[in-house]
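The lines below spell out each chain.
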Amino acid sequence: MIPRAVAVLSDLHGVLPVLDAVLAEPDVRDAELLVFTGDLAAGPQPVAVLDRLTALGERAVLVRGNADRELVALARGTLAADGAWPVDLWAARQLTPAHLALLNGLPHPVTREVAGFGPVVFCHGTPRDDEEVVLVDTCPEKWAEVFAGLPQEVRTVVCGHTHMPFVRLVGGRLVVNPGSVGMPYGRPGGSWALLRDGQVSLRHTPVDVPAAIGAVVAGSAYPDARAWAETYVGAAVGDLEALATFRAKGAATGTQEA
């Protein structure tokens, strides 16, 4: 059956209380398909989040993010710990062989037919690279490179990675970023997107921030869980600050982002 309504959640980063708040939204509960576009477990509650996702069964489609790939590499010793985030190093040690097998087997990208949209490509960074950065104001030349390998019939691409929601047209293709559930920039709460009957809407689920931080601390053995949650669940990092960081990263790697 081709779904008429698809809820897209991205960048959960191991934060269970905000994930649960978004999953409780009526339009998320009613959606025929839930797509999670990567960076699922790298955070203070990795096991609880992965267990919650697997409990959703076939209704949930999990897409690989760069942090998912890196957690597996850290856990298996194929990625040097130097330079890794402390929470990622800790999270990698919490994962069971079953969790590692799940993350290691995640696909990227994923294409699904959605009513009113046709084939939709769901990815993390871009369809060709799970950590490539594209922003709402990325230049047309970069978008052309990013989409060069896509079939013409794909007119909608849903990505994640930058934690900031946007919808824009690029050469006739609709590009959607649902924002982040676990590490929002600019405002606390869970950002997500709904694709329904050919229309896209960006949604935001507000949360009781002190309660969410408290739930992360209570549900995590990560030594710095409170400081981490106050920074990221509390959205202490602003969207303009994040944009500047992403632009600087693009300049350092020789790509033009804006």
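Here the structure is a predicted model, which is why all the values come from computation and not from measurement.

The rules we used
Residues numbered from 1 in each chain as written. Predicted model: local features only at pLDDT ≥ 70, side-chain atom pairs only at ≥ 80, totals over all residues. Heavy atoms only, no water. Helix = DSSP H or I, 4+ residues; strand = E, 2+ residues; numbered from the N terminus. Rg over C-alpha atoms; globule rule 2.2 N^0.38 Å. Buried < 20%, exposed > 50% of the residue type's maximum accessible area, 1.4 Å probe, protein only. Contact = heavy atoms within 4.5 Å. Areas by Shrake-Rupley, 256 points an atom, 1.4 Å probe, with all protein chains shown as cover. Axes fitted to C-alpha atoms, helices over the stretch in contact; angles between N-to-C directions. Parallel < 35°, antiparallel > 145°, perpendicular 65-115°, else oblique. Left-handed = near helix turned anticlockwise from the far one by under 90°. Nonpolar A, V, L, I, M, F, W, Y, C, P; charged D, E, K, R; others polar.

**A look at the overall build of the protein**
Here comes step 1: Along the protein, the regular secondary structure elements total 10 helices and 10 strands.
Here comes step 2: The C-alpha atoms of the protein give a radius of gyration of 17 Å, which matches the 18 Å a tight globule of 258 residues would have.
Here comes step 3: Principal-axis analysis of the C-alpha atoms gives the protein an extent of 50 × 45 × 35 Å.
Here comes step 4: Taking all 258 residues of the protein together, the buried fraction comes to 52%.
Here comes step 5: Across the protein, every contact between residues at least 6 apart in sequence was considered, and the portion connecting residues at least 24 apart equals 68%.
Here comes step 6: Of the roughly 10700 Å² that the protein leaves accessible, carbon and sulfur atoms contribute 54%.

**As for the packing of helix H4 (residues 66–76) against helix H6 (residues 97–104)**
Here comes step 1: Their axes nearest at 9 Å, the elements H4 and H6 cross at an angle of 135°. The angle between H4 and H6 places the two elements in the oblique class. Taken as a pair, H4 and H6 cross one another with a handedness that is left-handed. On H6, the residues touching Asp68, Leu71, Val72, Ala75 and Arg76 of H4 are Leu100, Ala101, Leu103 and Asn104.
Here comes step 2: Here the contact of H4 with H6 is composed, by residue class, of six nonpolar, one polar and two charged.

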